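Given next are the chains, with one letter for each unit.
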Amino acid sequence: MKLIVGNWKMNGLTADCRDRAGQLAAAVKSSPSFQMVLCPPMPMVGVVADILKGSAIQWGGQDCHEQSSGAFTGDTSAEMLKDLGCGYVIVGHSERRQGHKETSETVAGKAKAAHRAGLIAIICVGETDEERTAGRADQVISGQLKLSIPETATPENTVIAYEPIWAIGTGKTASDNDISYMHSFIQKEVKDFRILYGGSVKSSNAKKILHIFHVDGVLVGGASLKADEFAAIAESAGN
Ligand code: PGA
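Just so it is clear, the model here is predicted, and its values are computed rather than measured. (Residues numbered from 1 in each chain as written. Predicted model: local features only at pLDDT ≥ 70, side-chain atom pairs only at ≥ 80, totals over all residues. Heavy atoms only, no water.)

**A look at the site of the ligand**
Stage number 1. Surveying the vicinity of the ligand reveals 13 residues, the closest of which are K9, H93, E163, G169 and S200.
Stage number 2. Within the backbone of G169, a nitrogen or oxygen atom sits 2.6 Å from an oxygen atom of the ligand.
Stage number 3. The protein chains hide 95% of the 280 Å² of surface that the ligand would expose on its own.
Stage number 4. The pocket occupied by the ligand, as judged from atoms lying within 2 Å of grid points, is the second largest pocket. (Near = heavy atom within 4 Å. Polar contact = N/O pair within 3.5 Å; in protein donor to acceptor, adjacent residues only side chain to side chain. Areas by Shrake-Rupley, 256 points an atom, 1.4 Å probe, with all protein chains shown as cover. 1 Å grid on protein atoms, 1.4 Å probe; cavity = no way out; pocket = protein on both sides within 12 Å on 5 of 7 lines; lining within 4 Å. Sits in = over half its atoms within 2 Å of the grid points.)

**Topic: the pattern of salt bridges**
Stage number 1. Using the criterion set out here, one finds eleven salt bridges in the structure.
Stage number 2. Where E102 meets R96, a salt bridge forms, and the shortest distance between an N and an O atom there is 3.0 Å.
Stage number 3. With a shortest N-O distance of 3.5 Å, R132 and D178 are connected by a salt bridge. Note that R132 is positioned in helix α6 (residues 129–133) and D178 in helix α8 (residues 176–190), a separation of 46 residues in sequence.
Stage number 4. Among the ionic contacts, a cluster of salt bridges with common partners joins D63, R96, E102 and K110. (Salt bridge = Lys/Arg side-chain N within 4 Å of Asp/Glu carboxyl O. Helix = DSSP H or I, 4+ residues; strand = E, 2+ residues; numbered from the N terminus.)

**Notes on helix α7 (residues 137–148)**
Stage number 1. Given a rise of 1.5 Å per residue, twelve residues ought to cover 16 Å, and the 16 Å separating the end C-alpha atoms of α7 matches this to within 8%.
Stage number 2. Along α7, the residues classified as buried are A137, V140, I141, S142, Q144, L145 and S148.
Stage number 3. The inward-facing, buried residues of α7 abut α4 (94–99), α5 (104–117), β5 (120–125), α6, β6 (158–162) and α8. (Expected span 1.5 Å × (residues − 1). Buried < 20%, exposed > 50% of the residue type's maximum accessible area, 1.4 Å probe, protein only. Contact = heavy atoms within 4.5 Å.)

**A closer look at the environment of Q67**
Stage number 1. Along the polypeptide, Q67 turns up in the loop between β3 (58–61) and α3 (78–83).
Stage number 2. For the pair Q67 and K110, spaced 43 residues apart in sequence, the C-alpha separation works out to 8.2 Å.
Stage number 3. When sequence neighbours within four positions are dropped, the list of residues in contact with Q67 reads F72, S77 and R116.

**Points about the layout of surface pockets**
Stage number 1. Space inside the largest pocket adds up to approximately 490 Å³.
Stage number 2. Forming the walls of the largest pocket are 21 residues, and the residues nearest its centre are P41, M42, Q62, D63 and R96.
Stage number 3. Classifying every residue of the lining of the largest pocket gives eight nonpolar, eight polar and five charged.
Stage number 4. Estimates place the volume of the second largest pocket at around 200 Å³.
Stage number 5. Forming the walls of the second largest pocket are 16 residues, and the residues nearest its centre are G169, S200, V201, G221 and G222.
Stage number 6. Of the residues that constitute the lining of the second largest pocket, the class distribution is five nonpolar, eight polar and three charged. (Points joined across faces, edges and corners; volume = space filled by probe spheres on them. Nonpolar A, V, L, I, M, F, W, Y, C, P; charged D, E, K, R; others polar.)

**Quick notes on the sheet that holds strand β1 (residues 2–7)**
Stage number 1. Strand order around the closed barrel formed by eight strands is β1-β2-β3-β4-β5-β6-β7-β8, with parallel pairing between neighbours. Across the sheet, the mean angle separating the axes of adjacent strands is 25° when strand polarity is ignored.
Stage number 2. In the sheet, β3 pairs with strand β4 (residues 88–91) via two bridges, with the strands oriented parallel. The residue of β4 that forms the bridge with G61 is V89.
Stage number 3. Packed onto the sheet, α5 meets β4, β5 and β6 and runs at close to 160° relative to β5.
Stage number 4. Packed onto the sheet, helix α10 (residues 227–235) meets β1, β2 (34–39) and β8 (217–220) and runs at close to 150° relative to β2. (Pairing = 2+ DSSP bridges. Axes fitted to C-alpha atoms, helices over the stretch in contact; angles between N-to-C directions.)

As structure tokens, this is what we get:
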């Protein structure tokens, strides 16, 4: 079963999120070929949860703090996400690693917090264009995996998302060969963990990507903001 995760990032006011979740809840039926997960912006998680309850779609957060509570202004704990019915949380997205200077050690702490709260952690890794051009992609990914995956991780509570940074939001998807090579490389490092691909996935390329060996699903940004487009991506897992 493929995991189809929509990362809405910082997009959508209440009405947009409600509409989009409602359209998806109506369109997406429970399927043996895929599980859909929506990750709305934090203030919208409860709004989306109310709509998705009883549907075939699960939901999650885009980030969490390492601690369960305390004086951490602006942060959200994994326990809070769990309390809102989340099943998943994305940690270590490149926009957090780069924009919020999160290290792999921080990411591991967040993944551990997710496990403590009973959430599945989606741990993101990915190399920059510069690192790839310099022939360092393997080394970078291997280093991120070693440091970002906590000792609490199991194939049941952790999913890895490979997102080459140069492919995120750029319209440039990694080639089939690159995806195939990197997913096999990651699989050798983490064995039984599921591995998602992310970076400019859309309905026109999803089918091809989802059928590459060791691609267990996709993490979708831009294309998850349109209900029909995102539903089409999920449907392509089945045929
Ligand atoms: P994108 O984003 O699909 O817009 O490239 C993917 C992601 O950042 O998770």
